[in-house]
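Okay, here's what each chain looks like letter by letter:
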Amino acid sequence: MTEIDIERIMSPHYFIPHHCVLKPDSTTTKLRVVFDASSKTTSGQSLNDLLHIGPTVQSELLSILLRFRLPRYVFTTDIEKMYRQILVYPEDRQCQLIVWRNEPSQPIKYFQLNTVTYGTRSAPYLATKCLQVLADDNMQNYPLGASALKQNFYVDDCLHGADSLRTLLETQSQLNKILTASGFKLRKWCANHPSLLQGIPHDDLKVNLDLENNNDTTKTLGLSWCPKSDSLCVKVKLEPVCSTTKRSATSDLARLFDPLGLLSPVVVMAKIFIQELWNLKMDWDEKLPTELQKQWLEFRNNLTKVKPDISSYFQRRSSCQHSITHLYRCIRKGIWCCSVFEINTSEWSNHCTTIVRQISGCTFEKVDITSSRTLCSCGWRRTSNKNKERPTNKKLPDVLLV
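Residues numbered from 1 in each chain as written. Predicted model: local features only at pLDDT ≥ 70, side-chain atom pairs only at ≥ 80, totals over all residues. Heavy atoms only, no water.

S.K.: Tell me about the overall build of the chain, and name the residues and values.
M.R.: Counting secondary structure elements, the chain contains eight helices and 19 strands. Counting only residues that meet the buried cut, the chain has 42% of its 402 residues in that class. For the chain, the proportion of contacts with a sequence separation of at least 24, taken over those separated by at least 6, is 61%. Summed over its atoms, the accessible surface of the chain is roughly 22700 Å², and 51% of this surface lies on carbon and sulfur atoms. (Helix = DSSP H or I, 4+ residues; strand = E, 2+ residues; numbered from the N terminus. Buried < 20%, exposed > 50% of the residue type's maximum accessible area, 1.4 Å probe, protein only. Contact = heavy atoms within 4.5 Å. Areas by Shrake-Rupley, 256 points an atom, 1.4 Å probe, with all protein chains shown as cover.)

S.K.: Break down helix 2 (residues 61–68) for me, with residues and values.
M.R.: Within helix 2, eight of the eight residues are buried, which leaves the element mostly enclosed by the surrounding structure. Listed as buried for helix 2 are Leu-61, Leu-62, Ser-63, Ile-64, Leu-65, Leu-66, Arg-67 and Phe-68.

S.K.: Could you give me a rundown of the side chain of Ser-224, with the residues and numbers involved?
M.R.: Summarising the element assignment, Ser-224 is placed in strand 11 (residues 223–226). Every residue in contact with Ser-224, bar those within four places of it in the chain, is listed here: Thr-217, Thr-218, Ser-231, Leu-232, Cys-233 and Lys-235.

S.K.: Explain unusual backbone geometry residue by residue, including any values.
M.R.: Unusually for a residue other than glycine, Lys-81 sits at a positive phi of about 45°. With respect to the element layout, Lys-81 can be found in the loop between strand 4 (73–79) and strand 5 (97–100). Residues other than glycine seldom take positive phi values, yet Lys-188 does so here, at roughly 50°. Checked against the element boundaries, Lys-188 lands in strand 9 (residues 186–191).

S.K.: Could you give an account of the pattern of salt bridges, with specific residues and numbers?
M.R.: Note on pairing: side chains with opposite charge can pair once their charged atoms come close. Scanning all chains against the criterion turns up eight salt bridges. Measuring nitrogen to oxygen at the nearest pair gives 3.3 Å for the salt bridge that ties Asp-78 to Arg-187. Separated by 109 residues along the polypeptide, Asp-78 in strand 4 and Arg-187 in strand 9 bring together distant segments of the chain. Like Asp-78, the residue Arg-187 is buried in the burial classification. Here the salt bridges share partners, and the residues they tie into one network are Asp-78, Arg-187 and Lys-188. (Salt bridge = Lys/Arg side-chain N within 4 Å of Asp/Glu carboxyl O.)

S.K.: Could you give me a rundown of the nonpolar core, with the residues and numbers involved?
M.R.: Formed by 34 residues in total, the largest nonpolar core has its most connected members in Leu-65, Val-236, Leu-260, Phe-273, Leu-277 and Leu-303. For this core, the secondary-structure elements that each account for two or more residues are helix 2, strand 11, helix 6 (246–254), helix 7 (264–279) and helix 8 (290–303). (Core = buried A, V, L, I, M, F, W, Y, C linked by side-chain atoms within 4.5 Å.)

S.K.: Kindly report on helix 5 (residues 165–180), identifying the contributing residues and their values.
M.R.: With 16 residues, helix 5 extends 22 Å from end C-alpha to end C-alpha; this agrees with the ideal 22 Å at 1.5 Å per step. Leu-165, Leu-168, Thr-171, Gln-172, Gln-174, Leu-175, Ile-178 and Leu-179 are the residues of helix 5 that are buried. The N-capping residue of helix 5, defined by a side-chain oxygen 3.4 Å from the backbone nitrogen of Arg-166, is Ser-164. (Expected span 1.5 Å × (residues − 1). Polar contact = N/O pair within 3.5 Å; in protein donor to acceptor, adjacent residues only side chain to side chain.)

S.K.: An account of the pairing of strand 6 (residues 109–112) is requested, with residue identities and associated values reported.
M.R.: Bridge count between strand 1 (residues 2–4) and strand 6: three bridges; the pairing is antiparallel. Counted as the bridge partner of Thr-2 is Gln-112 from strand 6. Bridge analysis of strand 5 against strand 6 gives four bridges, and the strand direction is antiparallel. Bridge assignment links Val-99 to a residue of strand 6, and that residue is Tyr-110. (Pairing = 2+ DSSP bridges.)

S.K.: Can you explain the sheet that holds strand 6? Please cite residues and give values.
M.R.: Strands sit in the order 1-6-5 across an open sheet of three strands; the sheet is antiparallel. The outermost strands of the open sheet, each flanked by one partner alone, are strand 1 and strand 5. Across the sheet, the axes of successive neighbouring strands diverge by a mean angle of 45°, strand direction being ignored. (Axes fitted to C-alpha atoms, helices over the stretch in contact; angles between N-to-C directions.)

S.K.: Lay out the packing of helix 3 (residues 123–137) against helix 4 (residues 143–151) with the relevant residues and their values.
M.R.: Here helix 3 crosses helix 4 at 155°, and the two axes come no closer than 8 Å. On the basis of the axis angle, helix 3 is roughly antiparallel to helix 4. Considering only the axes of helix 3 and helix 4, their crossing is left-handed. For the pair helix 3 and helix 4, the contacting residues are Leu-131, Gln-132, Leu-134, Ala-135 and Asp-136 in the first and Ala-146, Leu-149 and Lys-150 in the second. Looking at the contact of helix 3 with helix 4 residue by residue, the classes come out as five nonpolar, one polar and two charged. (Parallel < 35°, antiparallel > 145°, perpendicular 65-115°, else oblique. Left-handed = near helix turned anticlockwise from the far one by under 90°. Nonpolar A, V, L, I, M, F, W, Y, C, P; charged D, E, K, R; others polar.)

Here's what the structure looks like:
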């Protein structure tokens, strides 16, 4: 940022309010500055009201996580302070003004922010578009690194892998060369093979990987990943509450971040409970009846014990196409939940369908999930013969992972 003279500020201009946020769980930046570009001025509008969001140019979160499960060797990393490495046009910087002083006794000083600022509406697009342009510009000289940069980055986080260790090492080298040349530094390196971490400074490692003794987990786009066992899991943390209301129950449900659907049977039960509250027409802050309050507290206590753990590596059965099916049975009220992921590895495309169906009575009712390439029915594995007759009284285990 650059200090400016308040008397020489031109119009239009905008001062961004800012405050600090503490993140004790962070391994690098425990105190972060948050800029509120949605704060309205005397005109009744904010900077974000006048900015465009921009299109999505990176792969979807689900696509990246599914591709992360395919290769034998994988690594994760992210770009250090990515937004702060991208300059904003000088004529636009007057819309990124802040006030600051180091001590309360000092006079207030005025600064303009010269780089992309987190908290502005267009920041994600500006940053991710820069990475896409870098990938296109380096596709000929560094094809492996450019492909990883283009396909397997979610904002500043990278999840990439390959079946060949030599190929992945070369990709890692090329990715470093592309980003370092443009002022981006990769850090928080983590991998499921020690060769991928050799030569990386200790300060740039996320965890001290010891495949013999270390069971540490690291966060990977909202999921917990254990490099030693190469497994993914979901960890749930809920804040203590004084009283249970519809608002607090809905807030608890919103905290369950599960992009792969590992907690689908549990989330289904929570949604049924919230649906019951709506049917009772309860107010947001009205205390729940004793029986419902007891049910939700029991659910919260059990939720912290749920730790679904699946292998991160899904071995290919076909070089062209395969599917990953998670089929669950939710005991309460005869709910069946099925999540189907299909990936075409030749085109790096994917399809995901999650279906929830309530079954009445004791008879099992068949539920089909159909897409252009997939036909799955509850209780039966995927088959190429779509016309094959399937009996509908197949008994399912509580959890079936295919």
